[in-house]
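These are the residues of each chain, in order.
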Amino acid sequence: MEFLNDLNERQLEAVKHTEGPLLVLAGAGSGKTRVITVRIAYLIAKEIAQPHEILAVTFTNKAAGEMRERVNAILKGRKLISAPLISTFHSLCVRILRRDIEALEEGYTRSFTIYDTDDSMKVIKACIKDLGLDPKQLAPRQVLSAISASKNRGEDHEMFASRSDGYNEKRASIARVFKMYEERLARANALDFDDLLIKTVKLLRKVRDVRDKYNGRYRYILVDEYQDTNPLQFALVKYLTEKQQNICVVGDDAQSIYGFRMADIRNILDFEQHFPNAKTVLLEQNYRSTQTILDVADAVIKNNLGRKEKKLWTENRGGDRVFYYQAFDGDSEARFVAEKIYDQRRMNPRDKVAVLYRTNAQSRVFEEALRKMRIDYNIVGGFSFYERAEVKDVIAYLKLALNPDDDVALSRVINTPPRGLGKTSLDEIARITSKRGTSTWETILAITDDNYEGKIGLTPRALNSLKGFREIIETLRGKVKRYEDSDRPVSNVVAAAIENTGYADSLRRENSDEADNRLQNLEELVNAAVDYDSQDDNGLRDFIDHAALTSDTDKFDRSADVTLMTVHAAKGLEFSTVFIVGLEDGIFPHARSINDAQELEEERRLAYVAITRAEKTLFVTHSTRRRVYGEEMAAEPSQFLNEMPLEMIEDLTRGNSWLSFARSDAVKENIYAAKALRGETEKPKARSTYSGKTYDSKEAVAEFFKNRGSGSAETPSEKKGPSGIEKLKEFASKDRKPAPEPPKGKFLPGVHVKHSKYGRGLVLRREGSGDNVKLTVSFPGYGQKKLIEKYANLEPA
DNA sequence: AAGTAAATTTTTTTT
DNA sequence: AAATTTACTT
C-alpha cells in the first residue's frame, strides 16, 4: 500500500481510524482532500469495504469530480467491480428521491421536476401577484430568501406562519406566499433546491424501510467541508450513519463561509457531542504556502472571537513579503494586476495565477485589462452555459416532456417561439387554471378537448395555437418514450426539442448574428447530449438533473494559467500567485455584512480563505475610487488590510499610499495613532461590533486624505501643493473624459464632514441638485448614512 | 400581439 | 454600467 507513504503521522492516523466517528480538523492546505481520498482508497485496498459501500459527500460537483479523479489515480491498476459513490449533497438526495420519494406519500412521483432558483423566483412572483400583494413592498427576492432560510431551519409553512401571527404584517404576508408557493410546487410535482434535502430527510425519518436500506447500503460515509453543513444536511448525515456510525467528517471552522446558506459552524464545533466516542485528529502542518502567507492569514483571522485555536506551520521557508498596491481607480487597479500577471507569466510560465474578488460584478474590469494585454484567462462564475436563455428554453421543453405539470417550464415555452399566445390569452388560461385548481397542462388538455363544456374566453385563433402547442408537447413526449431504449436516448430527444418545436426555425428566420450565436449554443447542447449518451447509460432524466444541479463554479479548469473568480469559488483551490483585489471597505468586507458582528467575522474568514489560496506570492490591492452602480464613489481601504502585519507588506504603489502613510514617521511617533492603524486600540467589547475604519478613529490618521499632498497613487511624488483630493480631481480631468464640473464649495465625494450626532465622516457619494442633494456618508462606528444635504447641517471637517 | 423606448433596479457569496 | 421591468407605439 505504497500510497500511504507520503502521508504524515497525523494524516495516517486519520486514514487508519476506519471504525467509528472521526473528526478531522484540517487547516488550510494541510492535505484535507488527500486524507479523504487516501482513506477511501485504503478502505477499498484493505478490503474493509466494497467500493459501493462507501459514500463521500461534497458541496460542489467540482470537489466531487476531483475526489473521484484522485481516488481513481491512487487505485489505478486495480480491477474494481464497483465504484464508491462520490456525490454532492444535492445529487445524493436526487438519487434517493428518484427511487423512493413515492414512499413519502405526499403526492410526489418519481418523475418530479427540480426547480432552480430562477424557477422558484418565478413561482414566488406569481404568488405575490395572485395574492394581490404589492411586489414593491414585498420584494420577491426577500420573500424567496426568507422562505429558503425558514426551510433550511427545518420549518414548513405552518411553522413559519405560527411564528409570525399577529402584528408583523410583512411576515404574515410572507407566510401566505410561502403556503401558496408550496401548494404550487406540489401541484407541479416540483422540488426546489431546499426541498431536495427536506424531502430526503423526511423520507429517512418517516419511512423505516427506506432508512434501513440506505443505512445498510453505505457502510462508510465521508463528508468534506463539514463546517459548511446546515441543519438539514446534518440531519441527513445523522440518519444515514445511524446504524454503523462510521462517519468521517473533514473541515476547518476558520473556513466556514456559507452562513448565508444557513450553514452552522456548531455542526463541526460540537461534533464530539453529536457523535459520542468520536476521535479527533488535528492537521496543522501546511504544505501549500510560505510562512509569510500563513503569518498574514493568521494575523487576520486572530481578530475573530470564538474559534478553535489552531496554528498552522510549514517547513517552507519564509518567502516574499506580501505585495501591496493602491490604485487610483478600478481601471488602474485592473491594469496593475494585468501588468503584474504579464511579468509573472514571463518569469514563471508554469505557475498558475488567480485573481480573487468578493463579488462577480467586479470581474469585468479585470477581463478587459487582461484582454488588452492579450493574456488568456479563464473565468469561473457569472454566466453559466445552462443559464443562457436558449438553453433554458430547450431544457424547459425537455422538462415538460418528462413532467407536463411543470408550470414554470410550461409558461417559459408556451409562447416561445411566438405562437400568437400573448398576455391576454395566457391570463385567460391562468384564470381557468386557478378556478380548476389543477396544473396548467391539465387545463390545456381540458379546454382543447372538443367536448369541453365551460366558458373559454379565447379567440378561435388562440385556441387553435394552443392545440398546436399541445400537439408539440405530446409529440415530444412520444419521442422520449420511443427513444428510451435506443442507444441515443438523450441526444435524439434534445435534437427533437430544438427542431420539432419550431424553436430552431424561429431563430433561423431571424437571420441575425445574435440568433446564429444562439443556434451555435444549441448545437453545443446537442453535443453535450451526444457525450452524455456515449458515456453513461443514464437517460434524459439524468441529463436534465445534471443541468439543474451543475453550477458555474464547477467549470474551473485546473490547467488554465490565469483564473478569475470569487473568493467563495476559490475555496479548496491553490495557486502559485494570488491577487486579492478590491480590498475596500464596503466591498470586502461587503457593505451588507459590515454592521453585524457575526457576518463581519464570516467576511474575515472569507479573507482568510483568500489569503491561504496562495502558495508563493500574494498581491493585495485596493483603489481610492470605485464605481458602484455606475457612479464613482470614494473608497477606503479594507479593515482587513489594517489587520495584516505592516512589516510583512511591500508597497508597490508609485507615490504615497495609505500604507506608506500608515508607516510614516509622523504616525509612528504617535504611538496611539499607530496602534489605531493596526486596530489595537479598540476596547475588547467594541471589537467585534466595531464597523468603522480603524485608522479613522484617530484624528491624525484621518488627515490622511488631506495630507498626502504628493498626489494620488499614480502620480509620481511632487512637492507639497494642493490637497490630495484636488490632485485627484486634477488627475481625473487629465486622464479621462472630462467629468462634469461639480458645484464648488460643496460636500463632494472624498471630503470629510462633521455631523452633530455621528461626528466625523467621509462623503462617499452625492446625488441630485439644489435642495434635493442627497449625500451618502460613511461614519466610523455608525456605518453608511444617507442624508439630505439641506437638513443634515453638515460642516466641513 | 409584438416590438421598442423609457424607467427602474441591481451586487453579496451558491447547491 | 448593465440588466430587467414597465410603458408606449405600431
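Calculation notes
- Counting from 1, residues in each chain are numbered in the order their sequence is written.
- All chains are assigned letters beginning at A, and all ligands numbers beginning at 1, according to the order in which they are written.
- For this predicted model, a pLDDT threshold of at least 70 governs which residues receive local features, and a threshold of 80 or more governs which side-chain atom pairs are given and counted, while totals over whole chains, interfaces and linings are taken from all residues.
- Side-chain measures were taken over the full set of non-hydrogen atoms in the model, leaving aside hydrogen atoms and water.
- In this text, near means that some heavy atom of the residue lies within 4 Å of the molecule or strand in question.
- For this analysis, a polar contact is any N or O atom pair within 3.5 Å, provided that within protein one partner can donate a hydrogen and the other can accept it, and provided that sequence-adjacent residues contribute only side-chain to side-chain pairs.
- Secondary structure follows DSSP: runs of H or I at least 4 residues long count as helices, runs of E at least 2 residues long count as strands, and numbering of each begins at the N terminus.
- Under the scheme applied here, ten amino acids are nonpolar (Ala, Val, Leu, Ile, Met, Phe, Trp, Tyr, Cys and Pro), four are charged (Asp, Glu, Lys and Arg), and all others, including Gly, are polar.
- Here, axes are lines fitted to C-alpha atoms. For helices the fit covers the stretch in contact, and angles between N-to-C directions go from 0 to 180 degrees.
- Angular relationships are summarised with four words: roughly parallel below 35 degrees, roughly antiparallel beyond 145, roughly perpendicular across 65 to 115, and oblique for the angles in between.
- Note on convention: near helix rotated counterclockwise from far helix by under a right angle means a left-handed crossing. Clockwise means right-handed.
- Throughout, a contact is declared for two residues whenever any of their heavy atoms are within 4.5 Å.
- Between Lys or Arg on one side and Asp or Glu on the other, a salt bridge is scored when a side-chain nitrogen of the former is within 4 Å of a carboxyl oxygen of the latter.
- Exposure classes here rest on a 1.4 Å probe applied to the protein chains alone. A residue is buried below 20% of its type maximum, exposed above 50%, and partly exposed in between.
- Strands were regarded as paired on the criterion that DSSP finds at least two bridges between them.
- This arc corresponds to the set of directions leading from the helix axis out to the C-beta atoms.
- On a range of 0 to 100, pLDDT expresses the predictor's confidence in each residue.
- Patches draw on residues past 30% relative accessible area with no salt bridge. Two like charges within 9 Å are joined, as are two nonpolar side chains (Val, Leu, Ile, Met, Phe, Trp, Tyr) within 5 Å.
- In this description, accessible areas are obtained by the Shrake-Rupley approach with a 1.4 Å probe, and a residue is regarded as covered only by the protein chains that are shown.
- None of His or the chain ends enter the tally, which takes Lys and Arg as positive and Asp and Glu as negative.
- Taken as the charge location is NZ of Lys, CZ of Arg, CG of Asp or CD of Glu.
- Put simply, a nonpolar core is a bunch of buried Ala, Val, Leu, Ile, Met, Phe, Trp, Tyr and Cys residues held in one set by side-chain atoms that sit within 4.5 Å of each other.
- Whether two aromatic rings pair depends on their centres lying within 6.5 Å, for rings of Phe, Tyr and Trp, where Trp uses its six-membered ring; planes under 30 degrees apart make the pair stacked, over 60 edge-to-face, and the rest tilted.

1. Topic: the protein's contact with DNA strand B
Near DNA strand B lie 31 residues; those nearest to it are Arg358, Thr424, Ser551, Thr553 and Arg592. The contact atoms of DNA strand B, taken as those within 4 Å of the protein, divide so that sugar and phosphate hold 56%. Contacts to DNA strand B include His90, whose side-chain N or O atom sits 3.0 Å from a base oxygen. Arg592 is positioned with one of its side-chain polar atoms (N or O) 2.5 Å from a phosphate oxygen of DNA strand B. In terms of residue count, helix α19 (residues 423-436) provides more of the surface near DNA strand B than any other element does, three residues in total. Residues belonging to the surface near DNA strand B are distributed by class as follows: seven nonpolar, 16 polar and eight charged.

2. Some thoughts on the protein's contact with DNA strand C
Taken together, Lys125, Arg364, Arg627, Tyr629 and Gly630 form the complete shell of residues around DNA strand C. Backbone atoms, meaning sugar and phosphate, make up 56% of the atoms of DNA strand C lying within 4 Å of the protein. One of the side-chain nitrogen or oxygen atoms of Lys125 is found 2.9 Å away from a phosphate oxygen of DNA strand C. At 3.5 Å from a phosphate oxygen of DNA strand C is found a main-chain nitrogen or oxygen belonging to Gly630. A breakdown of the residues in the surface near DNA strand C according to their chemical character gives one nonpolar, one polar and three charged.

3. Notes on the packing of helix α17 (residues 389-402) against helix α24 (residues 513-535)
Contact geometry for α17 and α24: axes closest at 9 Å, N-to-C directions at 50°. Our classification of the angle between α17 and α24 gives oblique. As for the relative orientation of α17 and α24, their crossing is right-handed in sense. Contacts from Glu390, Val391 and Val394 in α17 reach Arg518, Asn521, Leu522 and Leu525 in α24.

4. What about the pattern of salt bridges?
This model, assessed by the stated rule, comprises 48 salt bridges. Of the charged contacts, one joins Glu584 and Arg626 as a salt bridge, the two residues approaching to 2.6 Å between their closest N and O atoms. Residue Glu584 is located in the loop between β13 (575-580) and α27 (597-611), and its partner Arg626 is located in strand β15 (residues 625-628); the two are separated by 42 residues in the primary sequence. The residues Glu584 and Arg626 share a single accessibility class, namely buried. Salt bridges sharing partners connect three or more residues here, namely Lys32, Asp224, Glu225, Asp228 and Lys571.

5. Quick look at the side chain of Lys151
Turning to its location among the elements, Lys151 is positioned in helix α6 (residues 140-152). On the basis of relative accessibility, which here comes to 2%, the residue Lys151 falls in the buried class. When sequence neighbours within four positions are dropped, the list of residues in contact with Lys151 reads Phe178, Tyr181, Glu182, Asp192, Asp194, Asp195, Ile198 and Leu232.

6. What to know about the sheet that holds strand β9 (residues 322-327)
Strand order in this open sheet of seven strands is β11-β12-β10-β13-β14-β9-β17, and the pairing throughout is parallel. If you trace the sheet from one side to the other, it starts and ends with β11 (378-379) and β17 (649-651), each paired once. Lying on the sheet, helix α16 (residues 363-372) is in contact with β10 (353-357), β11 and β12 (562-566); it crosses β12 at an angle near 170°.

7. Here's the deal with unusual backbone geometry
In this structure, Pro417 follows Thr416 across a cis peptide bond, with omega equal to -5°. Its location among the elements puts Pro417 in the loop between α18 (407-413) and α19. Unlike most non-glycine residues, Asn277 shows phi in positive territory, near 70°. Looking at where Asn277 falls in the secondary structure, it is placed in the loop between α13 (271-274) and β8 (279-283). Although it is not a glycine, Tyr629 sits at a positive phi angle of roughly 50°. Mapped onto the elements of the fold, Tyr629 is located in the loop between β15 and β16 (631-634).

8. What about α16?
Along α16, the positions that sit buried rather than exposed are Ser363, Phe366, Glu367, Ala369 and Leu370. Projected onto a plane normal to the axis of α16, the buried residues spread over an arc of 165° and lie on a single side. Set apart from the buried face of α16 by more than 90 degrees, the exposed residues are Arg364, Arg371 and Lys372. In the core, the buried residues of α16 are packed alongside α15 (330-347), β10, β11 and β12. Arg374 sits one or two residues past α16 and shows a positive phi near 55°.

9. Examining the confidence of the model for chain A
As a general rule, the predicted coordinates of low-pLDDT regions are not to be interpreted in detail. Residue-level pLDDT values for chain A average 83, and 84% of them are 70 or greater. Of the regions scoring below 50 in pLDDT, residues 681-745 engages in 122 contacts with residues more than four places distant in sequence or in other chains.

10. Section: a positive patch on the surface
A contiguous patch of positive charge, built from Arg95, Arg99, Arg110 and Arg217, is present on the exposed surface. Structurally, Arg217 can be placed in helix α10 (residues 208-217).

11. Regarding the sheet that holds strand β2 (residues 54-58)
A sheet is described by the order of its strands in space; here six strands give the open sequence β3-β2-β6-β7-β1-β8, paired in parallel fashion. The sheet is open, and its two borders are formed by β3 (85-88) and β8, each paired with just one other strand. In this sheet, neighbouring strand axes are inclined to one another by 15° on average, regardless of whether the strands run parallel or antiparallel. When β2 meets strand β6 (residues 220-223), the two strands line up parallel, connected through four bridges. Directly across from Ala56, in β6, lies its bridge partner Leu222. Sitting on the sheet, helix α1 (residues 9-16) is in contact with β1 (22-26) and β8, with an inclination near 150° to β8.

12. So, the nonpolar core
Among the nonpolar cores identified, the biggest contains 66 residues, and Val177, Leu196 and Leu236 are the most heavily contacted of them. In this structure Val177 touches Ile124, Cys127, Ile128, Leu131, Leu133, Leu138, Val143 and Ile147, once residues within four positions along its chain are discounted. Within the second largest apolar cluster, 49 residues are counted, among which are Val394, Leu398, Ile429 and Ala462.

13. Here we look at α1
For α1, the set of buried residues is Gln11, Ala14 and Val15. What you see down the axis of α1 is that its buried residues fit within an arc of 100°, all on one side. The secondary structure elements touched by the buried residues of α1 are β1, α2 (32-45) and β8. A distance of 3.0 Å separates the backbone nitrogen of Arg10 from a side-chain oxygen at the start of α1, and that oxygen is part of Asn8.

14. Structural notes on the packing of aromatic side chains
Here the structure, examined in full by the defined rule, presents 14 aromatic pairs. The interplanar angle of 45° and the centroid separation of 5.6 Å between the aromatic rings of Tyr258 and Phe260 together place this pair among those described as tilted. Overall, the relative accessible area of 16% leaves Tyr258 in the buried class. The class for Phe260 is exposed, based on a relative accessible area of 56%. Relative to Phe619, the ring of Phe336 has its centre 6.3 Å away and its plane inclined at 70°; by these criteria the two rings are edge-to-face. Highlighted residues: Phe336 in helix α15 and Phe619 in strand β14 (residues 614-623), separated in sequence by 283 residues. For the pair shown, Phe336 and Phe619 are each scored as buried. One aromatic cluster in this structure is built from Phe323, Tyr325, Phe336, Phe579 and Phe619.

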